[in-house]
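Each chain is listed here by its residues.
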Amino acid sequence: MKKIIPIIVLLILFVIALFNKSQLEMSAGVSILVTILLGIAMIVVLILTISGRSIERRIVFLFIGVSLILPFFMNFTLPLQVSPEVRTLYDALAKLPKGSKVLASYDYDPPSAPELQPMGDAFMKWAFRHDIKVIIIGLWPQGPLQANLSVNAALADPEIAKHPPKYGVDYVNLGYQSGNEFVIQGMGTSIRSKFPSDLYNTPYDSIPLLRGVENFSNIDFVFNLSAGYPGTVEWVQIAVDRFGVPVGAGNTAVQAPQVYPYVESGQLTGLLGGMSGGAEFEKITKEPGQANTFLLSQSFAHVVVIGFILIGNVALFMGKTKRRPPIG
Amino acid sequence: MRREIPLIITFIAGLVFVVQYFIPHPPFDAFEQVFTNWFAIVQAFAIWLGALSLMKFSMLKIRRKQKDWFMSVIIIVGFVVMVAYGAYDGFAGMHASPTYSFRDAGTHFDWLYQNIYTPLTSTMFALLAFFVASASYRAFRARNLQATLLLIAGILVMIGRVPIGDWLTSFMPAHYQASNLATWIMNFPNAAGQRAIMIGIALGTVSTSLRIILGIERSHLEG
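Residues numbered from 1 in each chain as written. Chains lettered and ligands numbered in written order. Predicted model: local features only at pLDDT ≥ 70, side-chain atom pairs only at ≥ 80, totals over all residues.

Enquirer: In this structure, what is going on with the overall build of chain B? I would like to understand it.
Expert: Along chain B, the regular secondary structure elements total 7 helices and 0 strands. Listed N to C, the secondary structure of chain B is α-α-α-α-α-α-α in terms of helices and strands. Along the three orthogonal principal directions, the C-alpha set of chain B runs to about 65 × 50 × 50 Å. A buried classification covers 14% of the 223 residues belonging to chain B. The contacts of chain B with a sequence gap of at least 6 include a subset with a gap of at least 24, amounting to 25%. (Helix = DSSP H or I, 4+ residues; strand = E, 2+ residues; numbered from the N terminus. Buried ≥ 20, exposed ≤ 12 C-beta atoms within 10 Å, placed from the backbone. Contact = placed C-beta atoms within 7 Å.)

Here it is in structure tokens:
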């Protein structure tokens, strides 16, 4: 019971805070004070670890939980630099003339949405604002549903709502198709053969946006959001290498390191890597969204994890890991 | 024939895709279209196979009252509710005026997807953060040179991929700020290592695929 009480208290506070976030938002001064208190707590952990007492994992969980939740109520931002690979993708999109057709492949599901959804939302808003036509597909079953969330987010923008894009003319959702990389391969010959109708069973030939769109040679750019297989690697191996269509991608932070060789070789036209890539993309497209908010939370969590790693290594070097009862 | 027929099917399918890659002209492109369509159909059926297997396993667990059998009840209830509401919204949408899809905003299915499925799956994924932190504290030690290099690279990438890294290293020259160091690590040592891994995997895949197509490797036929 003693161990559960702090967790219950934390959960209750979190639920209360969710419903009263605006009233609980901390001023800049309080935010800095809370950050300092968190730092002092880490120093206490360091002292205890050096003295030979290991920290129970529940305390580690508590630190991570606090470092993730508190930034949501903090009132400061940190400067963000746009990395070269994000700039490359944005420059490629910016060069597209009005009316260009971009194939947006949403290849992820809700677990990866915190990282990839902000990228999709920013892209969709930017595309609608700049008269870029968007053809949405998904190689994952939930992909087209996540794409609809991006479309709804874009349509909710007041400026875009003044001149809303028209379904079937400015954007279309062709839905999910099973077959993994064979779908990409088939689209290289005929997109119609893989997507004979859209998400709402409208025949391919009845959709104005798709008139004249036979295969990749009629697509100006592919924007892929990927959380695994099938995803960016398959798009590069087939769409870029076999059919020569330029592809830019947004990946989760776990997958991004695997596709850096494609960025370096020029096969991938830009990369948005993880939450920071999404925040940078929001900054460069001037489409503010959730990524910047989430990134502050992630920043604190990263610092706490690094702090614990360093504390553990300090204890190793001090050589004072004695057998004493753990804290907590 | 029980072993020969699958071997023949494997050989023909593999041969068609290999030949089609190098000769993408009629009639080989037509074969490729047929086989990729068949693959898509088989994969679609595999989704149902997975779902039905899960239902069968869950029902057996409930019937035998095995440990945590109540979780199997939740699985079956969740599955049935999503399918039922999806079917209901689908049929209702087909006969409504104007017609709508079960995936459209405002349907029961959409509510379940946005308010139950999405938060639950996101939460499961998010739990990893806590366990990674705990595991890092306990196991990430600089015991030797390789571990030390991994530790330094990991810390630099972690701190460089968030804006707090640049804020902490803002006093340093631009090339040595955290984000630029992280970018250098990703673009050079990481890319080199990933290329080596990719080439190794590709060579292994070619070797294994040839063995399977030629029937030398038959482990996929067992069981």
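Enquirer: Would you take a moment to explain the domain arrangement of chain A for this structure?
Expert: Think of interface size as the accessible area that goes away when the parts come together; that is how it is often given. If you check the domain split of chain A, you get domain 1 (4-76 + 293-318) and domain 2 (84-289). When each unit is reduced to the centre of its C-alpha atoms, the spacing between domain 1 of chain A and domain 2 of chain A is 36 Å. (Domains from an automatic or database assignment.)

Enquirer: Where do I start with the environment of Thr205(B) in this structure?
Expert: In this structure, Thr205(B) sits in helix α7 (residues 178-213). For the pair Thr205(B) and Asn115(B), spaced 90 residues apart in the sequence, the C-alpha separation amounts to 41 Å.

Enquirer: Mind showing me how you'd approach the confidence of the model for chain B here?
Expert: Segments scoring low in pLDDT should not have their predicted coordinates read at a detailed level. Residue and element names in this part refer to chain B. In the predicted model, chain B carries a mean pLDDT of 88, and the fraction of residues at 70 or more is 99%. Looking over chain B, one finds the lowest element-wise mean pLDDT in helix α2 (residues 28-63), namely 86, and the highest in α7, namely 93. Predicted complex, confidence summary: ipTM 0.84, pTM 0.87. (pLDDT = per-residue confidence, 0-100.)

Enquirer: Even after reading the chapter, I still don't get the interface of chain B and chain A, so can you show me in this structure?
Expert: The interface is formed by 45 residues belonging to chain B together with 48 residues belonging to chain A. Residue assignment for the side of chain B that touches chain A shows that the elements contributing at least two residues are α2, α4 (108-139), α5 (145-160), α6 (163-168) and α7 of chain B. Here the element with the most residues in the side of chain B that touches chain A is α4(B); it accounts for 14 residues. Grouping the constituent residues of the side of chain B that touches chain A by class yields 24 nonpolar, 14 polar and 7 charged. (Nonpolar A, V, L, I, M, F, W, Y, C, P; charged D, E, K, R; others polar.)

Enquirer: Would you explain α4(B) in this entry?
Expert: A turn of α-helix holds 3.6 residues, and therefore any two residues three or four places apart point the same way. The end-to-end C-alpha distance of α4(B), which contains 32 residues, comes to 46 Å, matching closely the 46 Å that a straight helix rising 1.5 Å per residue would cover. Helix geometry: α4(B) is bent most strongly at Tyr117(B), by close to 30°, with proline Pro119(B) lying one to four residues after it. Phe109(B), Asp110(B), Tyr113(B), Thr118(B), Ala133(B), Ser134(B) and Tyr137(B) are the residues of α4(B) that are buried. Contacts made by the buried residues of α4(B) are with α4 (57-69), α6 (113-129), α7 (143-155) and α14 (291-318) of chain A together with α3 (69-94) of chain B. (Expected span 1.5 Å × (residues − 1). Bend = angle between axes of the 7 residues up to and from the residue.)

Enquirer: Mind showing me how you'd approach the sheet that holds strand β2 (residues 133-138) of chain A here?
Expert: Within a sheet, each strand pairs with its neighbour through backbone hydrogen bonds, oriented either parallel or antiparallel. Residue and element names in this part refer to chain A. With respect to topology, 6 strands assemble into an open sheet ordered β3-β2-β1-β4-β5-β6, the strand pairing being parallel. The two strands at the open ends of the sheet, each matched to only one other strand, are β3 (171-176) and β6 (271-273). The mean inter-strand angle of the sheet, taken between neighbouring strand axes irrespective of direction, is 15°. Pairing of strand β5 (residues 247-251) with β6, which is carried by 3 bridges, proceeds in the parallel orientation. Paired with Ala-249 across the bridge in β6 is Leu-271. Packed onto the sheet, helix α11 (residues 232-240) meets β1 (101-107), β4 (221-226) and β5 and runs at close to 175° relative to β5. Strands β5 and β6 of the sheet are contacted by helix α12 (residues 256-265), whose axis makes an angle of about 160° with β6. (Pairing = 2+ DSSP bridges. Axes fitted to C-alpha atoms, helices over the stretch in contact; angles between N-to-C directions.)

Enquirer: Would you mind going over the domain arrangement of chain B with me for this structure?
Expert: All names here are of chain B. The domain architecture assigned to chain B consists of domain 1 (1-66), domain 2 (67-139) and domain 3 (140-217). With 5 residues of domain 1 at the contact, the number on the domain 3 side is 4 residues. For the side of domain 1 that touches domain 3, the class distribution of residues is 3 nonpolar, 2 polar and no charged.

Enquirer: Explanation requested: the nonpolar core in the structure shown.
Expert: Side chains of a nonpolar character, in soluble globular proteins, are inclined to be buried together. All names here are of chain A. Ranked by internal contacts, the top residues of the largest apolar core, which has 101 residues, are Ala-104, Val-134, Ile-136, Val-222 and Val-259. Here this core gets 14 residues from one element, more than from any other, and that element is α14. When residues no more than four places from it in sequence are discounted, the contact partners of Val-134 are Val-102, Ala-104, Met-124, Ala-127 and Tyr-171. (Core = buried A, V, L, I, M, F, W, Y, C linked by C-beta atoms within 7 Å.)

Enquirer: Quick question: what am I supposed to make of the environment of Val45(A) here?
Expert: Residues and elements named next belong to chain A. If you trace the backbone, Val-45 turns up in helix α3 (residues 28-50). Since 21 C-beta atoms lie within 10 Å of it, Val-45 is described here as buried. Spatially, the C-alpha atoms of Val-45 and Val-60 are 9.7 Å apart, while their sequence positions differ by 15 residues. When neighbours within four sequence positions are excluded, Val-45 is seen to be in contact with Ile-55 and Ile-311.

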